[in-house]
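If you want the building blocks of each chain, they are given just below.
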Amino acid sequence: RRKIGPAAKETTDQPHQGWTGGRTSKTNILVPIMTVAFVLARTASGGARGSLRPFSPSIRASMAAVVASSGRAMAGASRPLSTWTDVPMGPPDPILGLTQAFNEDTNPKKVSLGVGAYRDSSGKPAVLQCVRTAEEQIVAAKMNKEYLGITGLPDFITRAVDLMLGPNTLADGNIAAVQTLSGTGGCRLVGDFYARFLGTGTPIYLPDPTWANHKNIFRDAGLDIRAYRYWKPDTRGLDLDGMLEDIASAPDGSVILLHACAHNPTGVDPTHEQWAQISDLCAKKNLYIFFDSAYQGFASGDPEYDAHAVRLFRERGHRMALCQSFAKNFGLYGERVGVLSMVCADRDEAKRVESQLKMLIRPMYSNPPVHGARIVSRILGDEGLSSQWRTECKGMADRIISMRKALRSELERLGSKRPWNHVTDQIGMFCYSGMTEEQVLRLRSEYAIYITNDGRISMAGVTDANVGYIAAAIHEVTK
């Protein structure tokens with residue numbers, strides 16, 4: 001008999017793992033089974049204390065059967081009880097899944113034109129020299145690895161906002177700005193802010209097409225995803241009339257997402273005059289403007305030119321939010337460096353908005369990473385490094401522009417009957433080729449050329465060495 005007392009109570013208060021989906025102890029099962037088997041064996045042998053005779057063959061066989069049965073029981077009991085039997089398999093990410101398929105392809109001529117990450121003229125990932133230098137300086141300074149504040153690295157935020165909106169932008173105090181987990185994190189943060197203060201189900205208008213993850217982000221934030229026309233297949237350019245018509249029919253007070261430059265996936269941007277028309281209509285409809293900027297400097301090679309639309313809207317007094325990513329233009333893809341800025345009416349409103357952004361950040365990711373922010377801050381804060389960054393950024397933009405020219409030229413040389421002027425008319429990382437899904441799948445299966453199913457080509461993957469092969473394959477599947 002076991003004495004029942006405090007110690008026993010402490011034991012019996014522990015959860016029974018057999019009922020909680022945990023693992024049942026093998027010892028807990030095996031010991032009582034073996035004990036019963038031993039007692040039965042003693043009884044059968046007629047042995048008293050100290051006079052146990054060897055087990056007979058039949059008894060040994062019975063004990064072996066009991067142990068085997070207990071092993072099967074233990075095997076079942078040691079497996080966790082499933083709590084997630086109704087969870088379906090999620091679909092693969094359309095871009096990351098494409099990369100996996102490319103990696104598994106054994107064709108020596110394979111070409112990856114899916115992921116939006118810059119590659120140098122040899123097709124290899126590139127790290128800017130200004131980034132290397134800034135990183136070396138940071139390491140040499142032996143900085144600590146303490147947490148940043150909730151809003152991030154102050155110098156980085158100031159310099160990032162100045163890059164887009166102009167010098168001393170934050171001096172007036174009417175902008176709430178926080179460091180984010182690159183562009184994706186900034187989009188999700190502003191989506192949650194809109195849902196909390198404009199209301200769950202607030203319409204947000206996205207261009208059709210847009211970066212695929214925009215829909216996921218704002219849907220999960222609780223906003224009502226709607227679309228406005230943007231791409232005109234007939235011209236492979238901007239559908240300005242359709243865009244303006246859809247904006248005009250949007251409910252007053254809706255949110256509209258605009259790509260600051262180098263629209264993803266089409267590479268089609270409005271002209272300065274068209275941006276002015278869009279601004280006028282958005283003001284008339286009292287829309288909340290959200291600019292997503294991932295390619296400043298990377299699009300044209302000139303950061304000021306690429307900032308035109310955002311600066312125009314701010315000068316015209318729009319209530320505006322801006323998300324900046326430093327993945328593409330600084331090559332800091334894995335550092336997750338970004339900023340979210342919200343233009344407010346005055347200093348007091350900016351303080352209140354910042355306080356609410358902090359309340360959203362704290363339970364979401366607490367505070368942002370420091371290393372990438374230090375790199376960008378050091379580059380933008382140093383005249384020599386900043387100048388070097390502008391030169392290197394323009395070099396990336398110029399290489400992509402030259403590959404656009406080469407691809408178009410090669411397609412025309414091969415005698416393609418299709419117009420390819422849109423290849424050079426578009427700007428930035430991507431070319432929206434106009435190819436059908438069937439043609440894209442033929443490129444993949446017959447030539448091991450990997451682009452997304454909507455026909456988007458990542459021009460960063462085109463090089464002097466493979467442009468002829470790519471053009472010949474495109475020409476063949478589009479005949």
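None of the values given here were measured: they were computed from a predicted structure.

Definitions and cut-offs
Residues numbered from 1 in each chain as written. Predicted model: local features only at pLDDT ≥ 70, side-chain atom pairs only at ≥ 80, totals over all residues. Heavy atoms only, no water. 1 Å grid on protein atoms, 1.4 Å probe; cavity = no way out; pocket = protein on both sides within 12 Å on 5 of 7 lines; lining within 4 Å. Points joined across faces, edges and corners; volume = space filled by probe spheres on them. Helix = DSSP H or I, 4+ residues; strand = E, 2+ residues; numbered from the N terminus. Nonpolar A, V, L, I, M, F, W, Y, C, P; charged D, E, K, R; others polar. Buried < 20%, exposed > 50% of the residue type's maximum accessible area, 1.4 Å probe, protein only. Contact = heavy atoms within 4.5 Å. Pairing = 2+ DSSP bridges. Axes fitted to C-alpha atoms, helices over the stretch in contact; angles between N-to-C directions. Parallel < 35°, antiparallel > 145°, perpendicular 65-115°, else oblique. Left-handed = near helix turned anticlockwise from the far one by under 90°. Core = buried A, V, L, I, M, F, W, Y, C linked by side-chain atoms within 4.5 Å. Salt bridge = Lys/Arg side-chain N within 4 Å of Asp/Glu carboxyl O.

Caption draft 1: Inspection of the layout of surface pockets at higher detail. Volume-wise, the largest pocket comes out at about 750 Å³. Around the largest pocket sit 31 residues that line it, and Gly116, Thr184, Trp211, Asn264 and Lys328 are the ones nearest its centre. Secondary-structure elements contributing two or more residues to the lining of the largest pocket are helix H7 (182–197), helix H8 (212–220) and strand E8 (288–293). Residues of the lining of the largest pocket, tallied by class, amount to 14 nonpolar, eleven polar and six charged.

Caption draft 2: Inspection of helix H18 (residues 467–477) at higher detail. Of the residues making up H18, those classed as buried are Val467, Ile470, Ala471, Ala473, Ile474, His475 and Val477. Where H18 is buried, its residues contact strand E1 (111–112), helix H15 (383–413), helix H17 (437–447), strand E12 (449–450) and strand E13 (456–458).

Caption draft 3: Representation of the pairing of strand E9 (residues 320–325). Burial within E9 is extensive, with six of its six residues counted as buried. Side chains Met320, Leu322 and Gln324 project from E9 onto one buried face, and the interleaved Ala321, Cys323 and Ser325 project onto a second face that is buried too. Where E8 meets E9, five bridges bridge the pair, whose relative direction is parallel. Within E9, the position partnered with Ser293 by the bridge is Gln324. Examined bridge by bridge, E9 and strand E10 (residues 338–343) share five bridges and lie antiparallel to one another.

Caption draft 4: How the structure looks around the packing of helix H5 (residues 129–140) against helix H14 (residues 371–380). Packing of H5 against H14 brings their axes to within 9 Å, and their N-to-C directions diverge by 110°. As the angle between them shows, H5 and H14 are arranged roughly perpendicular. Crossing handedness for the pair H5 and H14: right-handed. Contacts between H5 and H14 involve Cys130, Val131, Ala134, Glu135, Gln137 and Ile138 from the first element and His371, Arg374, Ile375, Arg378 and Ile379 from the second.

Caption draft 5: Here's a closer look at the packing of helix H9 (residues 240–248) against helix H10 (residues 272–284). Where H9 contacts H10, the axes come no closer than 10 Å and their chain directions differ by 10°. Considered as vectors, H9 and H10 are oriented roughly parallel to each other. Note that H9 runs across H10; the crossing there is right-handed. On H10, the residues that touch Leu240, Met243, Leu244, Ile247 and Ala248 of H9 are Gln274, Gln277, Ile278, Leu281 and Cys282. In terms of residue class, the contact of H9 with H10 is built from eight nonpolar, two polar and no charged.

Caption draft 6: Structural detail: the nonpolar core. Grouped together as the largest cluster of nonpolar side chains are 95 residues, with contacts concentrated most on Phe156 and Phe291. For this core, the leading source of residues is H15, giving eight residues. In contact with Phe291, other than residues within four places in its own chain, are Leu258, His259, Ala260, Trp275, Ala309, Val310, Phe313, Met320, Ala321, Leu322 and Cys323. If you look at the next biggest cluster of nonpolar residues, it comprises 27 residues, including Phe218, Leu223, Val255 and Cys323.

Caption draft 7: Quick peek at the pattern of salt bridges. Inspection of the entire model under this criterion finds 15 salt bridges. Residue Glu304 pairs with Arg390 through a salt bridge whose shortest N-O separation is 2.9 Å. Highlighted residues: Glu304 in helix H11 (residues 303–306) and Arg390 in helix H15, separated in sequence by 86 residues. With a relative accessible area of 34%, Glu304 lands in the partly exposed category. In this structure, a network of salt bridges that share partners links the residues Arg229, Glu245 and Asp246.

Caption draft 8: Here's a closer look at unusual backbone geometry. Cis rather than trans, the peptide bond between Asp208 and Pro209 has omega equal to 10°. As for its placement among the helices and strands, Pro209 is situated in the loop between strand E3 (203–208) and H8. A cis geometry characterises the amide bond from Asn264 onward to Pro265, with omega recorded as 20°. For Pro265, the location among the structural elements is in the loop between strand E7 (255–259) and H10. For Asn168, which is not a glycine, the phi torsion comes out positive at approximately 60°. Assignment of secondary structure puts Asn168 in the loop between helix H6 (154–165) and strand E2 (175–180). Residue class for Asn168 comes out exposed when judged on its relative accessible area of 60%.

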